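# Chain and residue survey
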Amino acid sequence: MITRTSSLFLRTLREDPADAEVPSHRLLVRAGYVRRVAPGGYSWLPLGLRVLRRIEAVVREEMNAIGAQEIQFPALLPREPYEATGRWTEYGDGLFRLKDRKGADYLLGPTHEELFALTVKGEYNSYRDYPVTLYQIQTKYRDEARPRAGILRGREFVMKDSYSFDLDDDGLARSYQAHRDAYVKLFDRLGLEYVVVKATSGAMGGSASEEFLAVAETGEDTYVRSTESGYAANVEAVVTPAPAAQPVEGRPDAQVHHTPNTPTIETLVNFLNTAGLGRTFTAADTLKNVMLKTRQPGAKEWDLVCVAVPGDREVDMKRLEASLEPAEVALLDEADFAKNPFLVKGYIGPKALQDNGVRYLADPRIAPGTAWVTGADKVDHHVVDLLAGRDFIPDGTIEAAEVREGDASPDGHGTLVAARGIEIGHIFQLGRKYTDAFEVDALGPDSKPIRITMGSYGVGVSRLVGVLAEQNHDDLGLIWPRVVSPFDVHIVIAGKDEAVAAGAEKIAADLDAAGIEVILDDRKASPGVKFADAELVGVPTILVVGRGLANGVVEVKDRRTGEREEIAVDAIVEHLV
Ligand code: ATP
Ligand code: MG
Ligand code: MG
Ligand code: MG
């Protein structure tokens, strides 16, 4: 069907929106693709929706190609499954929580691991059923602290999330690799410039989690890459000076100590050795040793090293749990929290510890990504911005952080340089965190249960619209890659001549019949206005029908290169298919 600009629900803007921080946001609003409704909430107008749908189609094709099956969950979810995994609390302020008329708790799904695990448990029970991979393309809700840059960081956004279910680790590794390959194909098809980075510098071992970052100056993620090899890793924070130690409200004997951002293990060891703990630490200390050594003289109740991780970052809790022997982790109950209210902020943690009533102690002022040592209910020592996996291995020897600008690349080739990117995909070997929580088992050939192992894989579908705009624009407007462009050809009728208009209609009909998606600017506006809009809207091919028609030619302009070509009207369909 030919789309006519005269009746298209589209109004382009001459002025940049006042709140636009980045080019994609500015241009998507100006060109009439999206409109803001609330912080982090956007309407998709016809052009925007077309791009979104085309991206979805590519994502769907690549998911189907690896045998993933599409399903759809509600976004409105009951509290219970998220309570069972601890995420009702763990997600903190990021979760939209609400109540129904009867007072029952609900949430708007930020991601759906719980539902997928429960659904597979409900339908499958034999080892013969596995492996299986399911996905959905669905609206997610996160109450982001800083919704930003239009659709790049929304509070409501479209994500493709898939989940693999395998009988064993090898199966999981295969499912993970299949997704990794599919993501490479997908992002290549979209013509994106991107890097694949280890999400935790590789210290967690192998490819347990990788992020796909689109290269963009305006990105929020900093990564380092080698000048010579393909090595790349995410860096969560840049180095900043340490803030001064701060008193803790209600605890005259306690102070919060900060290490500099992105501490190396040397920093951590130094910190521990100067924190007045009366013990000496070395870089060879395991997490468990640190815990034991920080036990205060006379401590009888509990000592606990807590590792706080951002709500959206996964730590291998099984390994962490294995590094903490239950006997050494004292049991805390509500009374303890009542005595130390400033410590209490929900919990995350190994399920076994949770079952024993051990809570995740979080000082609300301390950012996720924090590890802290708390000794005997006397003095707290906090190490800020420590990342499990990057700064230490939860159950192993403490290792220096690997990823810093200027360092030699860990693979021995080249030097690390920093760059910025936008996360477009994230693949993760989850393991059994969720299948343990819901006891998702398959009955094996010997009739013994096999605990299923899981992977989770996300793509920011609506974010990709912004990312593609970020990577494909110039001063005049957007320049869509063909695969996602709202139309294939933008026909501009230049001139008031009846014959020109009729000729353009004929060309549009011929192209349409040949399966080319056409937008025809048939407005009574001046050619200048029409050209400006065509450049702004960003369809890759602009076809100008004007005076030349009398001589049997039209002009084809490549939006990206600006190159113009005169083509015979008779040959135009052939030229453009
Ligand atoms: P970010 O680091 O940008 O906050 P995330 O790590 O929290 O992203 P995931 O939980 O890994 O995101 O979700 C999978 C994908 O969903 C991300 O790779 C990203 O492309 C997309 N995504 C996440 N949050 C948003 C958002 N607020 N708006 C749009 N897309 C998002
Ligand atoms: Mg996030
Ligand atoms: Mg992230
Ligand atoms: Mg992520």
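Residues numbered from 1 in each chain as written. Chains lettered and ligands numbered in written order. Predicted model: local features only at pLDDT ≥ 70, side-chain atom pairs only at ≥ 80, totals over all residues.

As recorded in an unreviewed UniProt entry, the chain goes by Proline--tRNA ligase and comes from Amycolatopsis balhimycina DSM 5908. UniProt, in its Subcellular location (unreviewed entry) section for the chain, records the words "Cytoplasm". (UniProt positions renumbered as here; feature names shortened; annotations may be inferred.)

## Quick word on the overall build of the chain
A tally of helices and strands in the chain yields 16 helices and 29 strands. Sorting the 577 residues of the chain into buried and exposed places 46% on the buried side. Put simply, 68% of the contacts in the chain that link residues at least 6 apart link residues at least 24 apart. (Helix = DSSP H or I, 4+ residues; strand = E, 2+ residues; numbered from the N terminus. Buried ≥ 20, exposed ≤ 12 C-beta atoms within 10 Å, placed from the backbone. Contact = placed C-beta atoms within 7 Å.)

## Comments concerning the sheet that holds strand β26 (residues 518–521)
The strand order across the open sheet built from six strands is β1-β26-β25-β27-β28-β29, with neighbouring strands paired in mixed fashion. In the strand order of this sheet, the two ends are held by β1 (3–4) and β29 (564–568), each with one partner. As defined by bridge partners, strand β27 (residues 541–545) adjoins strand β28 (residues 553–558) across four bridges and the pair is classed as antiparallel. Each bridged residue has a counterpart across the sheet, and for T541 the counterpart in β28 is D558. Along the sheet face, helix α14 (residues 498–513) touches β25 (489–493), β26, β27 and β28 and points at about 170° away from the line of β25. Helix-sheet contacts for helix α15 (residues 527–537) involve β25, β26 and β27, and the interaxial angle to β25 is about 170°. (Pairing = 2+ DSSP bridges. Axes fitted to C-alpha atoms, helices over the stretch in contact; angles between N-to-C directions.)

## Structural notes on the site of ligand 1
Surveying the vicinity of ligand 1 reveals 16 residues, the closest of which are F157, H426, G458, G460 and R463. Those elements giving two or more residues to the shell around ligand 1 turn out to be β9 (156–166), β19 (416–431), β22 (453–460) and α13 (461–471). Broken down by element, the residue count for the shell around ligand 1 peaks at four residues, all from β19. Tallied by class, residues from the shell around ligand 1 come to three nonpolar, seven polar and six charged. (Near = placed C-beta within 6 Å. Nonpolar A, V, L, I, M, F, W, Y, C, P; charged D, E, K, R; others polar.)

## Quick notes on the packing of helix α1 (residues 23–30) against α13
Two numbers describe how α1 lies on α13: the axes approach to 8 Å, and their chain directions differ by 105°. Comparing the axis directions of α1 and α13 gives the class roughly perpendicular. Taken together, the residues of α13 that come into contact with α1 (itself represented by P23, S24, L27 and L28) are G466, A469 and E470. (Parallel < 35°, antiparallel > 145°, perpendicular 65-115°, else oblique.)

## Section: the sheet that holds strand β6 (residues 96–99)
Think of a sheet as strands paired side by side through backbone hydrogen bonds, with each pair either parallel or antiparallel. Ordered by their spatial adjacency, three strands build an open sheet running β5-β7-β6, and the pairing between neighbours is antiparallel. Strand pairing shows two members of the sheet lacking a second neighbour, β5 (76–78) and β6, which therefore form its edges. The mean inter-strand angle of the sheet, taken between neighbouring strand axes irrespective of direction, is 35°. In this structure, β5 lies alongside strand β7 (residues 105–108), joined through three bridges in antiparallel fashion. The partner of P78 across the bridge, within β7, is Y106.

## Let's talk about the confidence of the model for the chain
In the predicted model, the chain carries a mean pLDDT of 76, and 69% of its residues have values of at least 70. Residue range residues 236–244 is modelled with pLDDT below 50. Its contacts to residues more than four positions away, or to other chains, number 17 contacts. (pLDDT = per-residue confidence, 0-100.)

## Digging into the nonpolar core
Membership of the largest hydrophobic core comes to 96 residues, with the highest contact counts inside it found for I424, I491 and V545. Look past the residues within four positions of I424 in its chain and what remains in contact with it is F187, Y194, F212, L213, A214, V459, G460, R463, L464 and V467. (Core = buried A, V, L, I, M, F, W, Y, C linked by C-beta atoms within 7 Å.)

## Things to note about α13
Among the 11 residues that make up α13, 11 are buried, leaving the element largely enclosed by the rest of the structure. Taken together, the buried positions of α13 are occupied by V461, S462, R463, L464, V465, G466, V467, L468, A469, E470 and Q471.

## So, helix α6 (residues 169–189)
When the terminal C-alpha atoms of α6 are compared, their 30 Å separation across 21 residues agrees well with the 30 Å that a helix rising 1.5 Å per residue should span. Listed as buried for α6 are L172, S175, Y176, H179, A182, Y183, L186 and F187. Relative to the axis of α6, the buried residues are bounded by an arc of 125° and lie together on one face. Residues D170 and D188 are exposed on α6 and point more than 90 degrees away from its buried face. One or two steps after α6, the chain reaches G191, where phi turns positive at roughly 70°. (Expected span 1.5 Å × (residues − 1). Arc of directions from axis to C-beta.)

## Notes on the packing of helix α2 (residues 46–65) against α6
The geometry of a pair of packed helices is captured by two quantities: the angle between their axes and the separation between those axes. Orientation of α2 relative to α6, taken along the N-to-C sense of each, is 155°, at an axis distance of 10 Å. Comparing the axis directions of α2 and α6 gives the class roughly antiparallel. Of the two possible hands of crossing, α2 and α6 adopt the one that is right-handed. Residues V58, V59, E62, M63 and A65 of α2 pack against A182, K185, L186 and R189 of α6. Looking at the contact of α2 with α6 residue by residue, the classes come out as six nonpolar, no polar and three charged. (Left-handed = near helix turned anticlockwise from the far one by under 90°.)

## Describing the pairing of β29
Across the five residues that make up β29, only a small minority, zero, are buried. If you look at the hairpin formed by β28 and β29, you'll find five residues sitting between the two strands, and G562 has a positive phi there, around 80°.

## Describing the pairing of strand β11 (residues 209–215)
For β11, the tally of buried residues reaches six of seven residues, placing the bulk of the element in the interior. Of the pairings in the sheet, the one linking strand β10 (residues 194–198) to β11 comprises five bridges and is antiparallel in character. Its bridge partner lying in β11, V195 is registered against L213. Here seven bridges tie β11 to β19, and the two strands are oriented antiparallel to one another. Residue pairing in the sheet places A214 in a bridge with I422 of β19.

## Notes on the environment of K99
Turning to its location among the elements, K99 is positioned in strand β6. The exposed category is assigned to K99, around which 10 C-beta atoms lie within 10 Å. Once the C-alpha coordinates of K99 and R79 are considered, the two residues, 20 residues apart in sequence, prove to be 9.8 Å apart. Filtering out sequence-adjacent residues up to four positions away, K99 remains in contact with A104, D105 and Y106.

## Some thoughts on unusual backbone geometry
Going from Y130 to P131, the amide bond is cis rather than trans, its omega being 0°. The topology assignment puts P131 in the loop between α5 (113–123) and β8 (132–141). Even without glycine at this site, A149 takes up a positive phi of about 55°. Among the structural elements, A149 can be located in the loop between β8 and β9.

## Comments concerning the environment of V132
Here V132 lies in strand β8. Along the sequence, V132 and G67 sit 65 residues apart, while their C-alpha atoms lie 8.4 Å from each other. Apart from the residues within four sequence positions on either side, V132 is in contact with V120, Y124 and F165.

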